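Spelled out, the chains give:
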Amino acid sequence: MPLTIESISKDDYHLISLTGDVDTKTAPSLMEALTGLELAGLSELRIEMASVGFLSSAGLRVLVFAKQKMPHASRLILVGTSDEIADVINKTGLSQAMSLVPSHEEA
Amino acid sequence: MAPEHPLEPIANCDGPASMESWDRFISFVESQADQQLGEGSANYRLRLAFEELLSNIIRYSGELDAGPSADSAADQAHVWIRSFRSPGSQPQFVLEIEDNGPYFDPGIDQPRQIESHLPIDERQIGGLGLFLVQQSVDHVDYAWIANRNRYHLFVNLPTPSDP
């Protein structure tokens, strides 16, 4: 499934909204969107995941890349991940680097 | 566990080992997973394992990193995907992925560890894909047969005694 990406600056965080699959084919476009941000100056990046059906290791590597470029005390928040995607993130131990929350109210 | 009975063929699909075939291969496996496993976590995990192997195959066949460099179709690596059902006391759905690209034994039979205890800044994230392959299916194997790389992904199917 194709991936569409919307990128919006909010008052105190940046929001990336994803729709589709983040796999080997589409991860480069997410990487491009993230490298277009000033990651080193971001204190909080939220990624809306409720409409993401699939996340492979290629997508995980992009998320890890973003977190590594952000300041140490920054927050990378994934909003609305499916149970399957949350399971992959937990299995790989990457939940220590990103927060998984069900909704923006709980971010 | 590997199957104890001969495999019963279900369907197959093949094409060049290139990103041009990506959507067709993924659709084939999604369709097979939907038919044989139904919706749910096993379906998702099979696709995850398949996609990790497929991206490795295409990468090692040269195109993913270097662009389409093959001079002709005859020079291009090819991928064959076959699905099977394995009967027996523990029925299984089996996906066979074969390619004629360069020999590449990923050591998939050896348990893989990831550095999940390290802070994210110190993590090496190579090997994540093969770790996920192992974690996602009930059994995986690799063999080099007749100058082809051959993988099997096994997913246990429910048995009559399962709740």
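Here is a short report on the structure shown in this document. (Residues numbered from 1 in each chain as written. Chains lettered and ligands numbered in written order. Predicted model: local features only at pLDDT ≥ 70, side-chain atom pairs only at ≥ 80, totals over all residues. Heavy atoms only, no water.)

What about the sheet that holds strand S2 (residues 14–22) of chain A?
Residue and element names in this part refer to chain A.
- On the basis of which strands lie adjacent, the open sheet formed by 5 strands has the order S1-S2-S3-S4-S5 and mixed pairing. With one partner strand each, in any of the chains shown, strand S1 (4–9) and strand S5 (99–101) form the two edges of the open sheet. Taken pair by pair, the neighbouring strands of this sheet meet at an average axis angle of 20°, ignoring direction.
- For strand S4 (residues 75–79) and S5, the ladder comprises 3 bridges, and the chain directions are parallel. (Pairing = 2+ DSSP bridges. Helix = DSSP H or I, 4+ residues; strand = E, 2+ residues; numbered from the N terminus. Axes fitted to C-alpha atoms, helices over the stretch in contact; angles between N-to-C directions.)

Quick look at the environment of Gln113(B)
Residues and elements named next belong to chain B.
- By the secondary structure assignment, glutamine 113 is in the loop between strand S3 (92–99) and helix H4 (128–136).
- Looking at glutamine 113, the relative accessible area reads 71%, which means it is exposed.
- Between the C-alpha atoms of glutamine 113 and glycine 127, which are 14 residues apart in sequence, the distance is 8.9 Å. (Buried < 20%, exposed > 50% of the residue type's maximum accessible area, 1.4 Å probe, protein only.)

A look at the packing of aromatic side chains
All names here are of chain B.
- For the coordinates displayed, the defined rule picks out 4 aromatic pairs over all chains.
- Between tyrosine 103 and tryptophan 144, the ring centres sit 5.1 Å apart and the planes meet at 85°, which makes this aromatic pair edge-to-face. With tyrosine 103 in the loop between S3 and H4 and tryptophan 144 in strand S4 (residues 139–145), this pair connects stretches of sequence that are 41 residues apart.
- The class for tryptophan 144 is partly exposed, based on a relative accessible area of 35%.
- Directly above the ring of tryptophan 80 sits arginine 148, whose terminal nitrogen or CZ lies 3.7 Å from the centroid. (Phe/Tyr/Trp six-rings, centres within 6.5 Å; stacked < 30°, edge-to-face > 60°. Lys NZ or Arg CZ within 6 Å of the ring centre and 35° of its normal.)

Just geometry here; none of it tells us what the structure is for.
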